[in-house]
Structures are given as C-alpha cells and as structure tokens.
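# Coordinates in review
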Amino acid sequence: MKNSRVYALLLSALAVGALSGCVRFKPVDDPTRFYVLTAQAPREPLPDVARLTNLVFVSAIEMPAYLDNPRIAVRREEHRIDYSELHQWAEPLRQSISRGLRDNLAAILGDEHVYPLSRPRPVGDLIQVQVSLSRFELTPDQGARLVADWRLIRTKSGEVLAAQHTEEQCVYPNNARDFTPAVAALTQVLADLSRDIASILVQVESNRAARRGEYTTVIETAGGAISTDRSGRNP
C-alpha cells in the first residue's frame, strides 16, 4: 500500500512536469513609463547679449536627496512625498536638469556663449552658474513647482555677480495614466528659471560694460584716429 502511494506521487510529479513544459505564458507589457526633460526656452536672444564677454559655465546642480530618485516625486502634503512607481525619469534627474538648464541658456544667450556640459571645465575667466534646488516636484493640485537659490560667480576673482531666489509654478491637465503633461510643466518651470538667470546675467554684464565705458567713438585728428570713451577721455 505504501509503495502504491509513492508510485502514485511519482506519476503525479511526472505529469505536472510534462504539462509545465507544454504550457506557454503570454508576455506581459511593463506599464512603467520613462520621461526626460527638454529645452523649452525661446530661440530669440535677449537684448544686449552681444555684451557678454565671458563664457557661461553651468556647474553641477545641487538638490535634496529625496529628489535623487528615478521615480517622479509628488508632494501630497507639506511633510509627505509620494513617488510614482509607474512614471519614472529615464536618466538621473540631476543630470537631466543640468543639461536642460544649459540648453535653455544656450537657446536664449546663443550657443557660442554657453560652454557644453560634455567637455571638461575650461580654464580662464568664466561666469559660473550655481543652482541649488530645494523643490522640483509635482503638487496635488496638478501643478509643477520649482524653488531654487542661484548665484552668478566670476571664476577668476570669485566675485559674486548676483544671488537670487526663484520660485516658479505651472499648472498642467490631470492625466493619471500619462505623466507627459506633468513632465512638460516641470520642463516649463525649468525654462522659466533659465530665463530669469539669463536676464540677470545680461543685465549684470551690460552694467559692467557701461561702468567700463565700452561705448567708444573714433575722432579723426591730424595725427590719425584715436578712440575715446563716452566721457571723451582717452581709454
């Protein structure tokens, strides 16, 4: 009786193994969606961009550890963050923001004025853009919010040319299955920050040019042409 029971169990095991070899399971699509930030700044340069005499260099973005996550962050309450398991960044967010900021500035100021991120940091007198993000997230009321402190620094002297605090917000249509509008809103607030930085940068450089008297005239004399500054003095 005992042997019969063991024999039956063996037959059952063999039958299950044979069946499992014939069963084919259909592949299941991964519902996870991946997103990237893109440049959104307008291609029209700001007035007085020609006054820029130094290359602009975007340094590594600083941001809190909770944003250093492949999942897109949604702030549900002041002290509560949720992460979307199905909607994630396709690359490290710090890298994506740095590239988006650089590309936005290049679109506004002209590509020749902004140093590429793909190259090693150049030597010489640059204007360094330092950005510290404290928020870059979605809000429960279908909004994208950015909060940042940023500085413009002349690398040769260490002089702080400007220090600003920026808060940007953009509303997007709700779509629980697709975060494309939400990511577009995050892209927009980054573009708004880029525009603020570019405007202050051009203003600072224009003021500097005015103080140095870079508006020159040429006066013909018997000894030849000489250049004078706005006050009429020899430079």
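A short tour of the structure in this document, coming up. (Residues numbered from 1 in each chain as written. Predicted model: local features only at pLDDT ≥ 70, side-chain atom pairs only at ≥ 80, totals over all residues. Heavy atoms only, no water.)

Side chains that differ in charge, positive against negative, can pair when their charged atoms come close. For the structure shown, the criterion picks out 14 salt bridges. Across the pair Arg-94 and Asp-68 runs a salt bridge, and its minimum N-O distance is 3.8 Å. On the criterion of sequence distance, the pair formed by Arg-94 in helix α2 (residues 93-109) and Asp-68 in the loop between β2 (56-58) and β3 (71-77) is long-range, its members being 26 residues apart. Judged by its relative accessible area of 29%, Arg-94 falls in the partly exposed class. Each of Arg-75, Glu-78, Arg-135 and Glu-137 takes part in one network of salt bridges that share partners. (Salt bridge = Lys/Arg side-chain N within 4 Å of Asp/Glu carboxyl O. Helix = DSSP H or I, 4+ residues; strand = E, 2+ residues; numbered from the N terminus. Buried < 20%, exposed > 50% of the residue type's maximum accessible area, 1.4 Å probe, protein only.)

Here Gln-88 is to be found in strand β4 (residues 80-89). For Gln-88, a relative accessible area of 16% corresponds to the buried category. Among the polar contacts made by the side chain of Gln-88, one reaches the main-chain carbonyl oxygen of Glu-85 at a distance of 2.9 Å. (Polar contact = N/O pair within 3.5 Å; in protein donor to acceptor, adjacent residues only side chain to side chain.)

Applying the stated criterion across every chain yields a total of one aromatic pair. Considering the side-chain rings of Phe-57 and Tyr-115, the 6.5 Å spacing of their centres and the 55 degrees angle between planes classify their relative orientation as tilted. Here Phe-57, found in strand β2, pairs with Tyr-115, found in the loop between α2 and β5 (127-139); they are 58 residues apart in sequence, far enough to count as distant. (Phe/Tyr/Trp six-rings, centres within 6.5 Å; stacked < 30°, edge-to-face > 60°.)

Here we come to unusual backbone geometry. For Gln-142, which is not glycine, the phi dihedral falls at a positive 55 degrees. Inspection of the secondary structure puts Gln-142 in the loop between β5 and β6 (143-154).

To continue, consider α2. An α-helical turn contains 3.6 residues, so any two residues separated by three or four positions project in the same direction. Helix length check: α2, at 17 residues, gives a terminal C-alpha distance of 24 Å against a target of 24 Å (1.5 Å per residue), a fit within 8%. Within α2, 13 of the 17 residues are buried, which leaves the element mostly enclosed by the surrounding structure. The first or second residue beyond α2 is Gly-110, which carries a positive phi of 105 degrees. (Expected span 1.5 Å × (residues − 1).)

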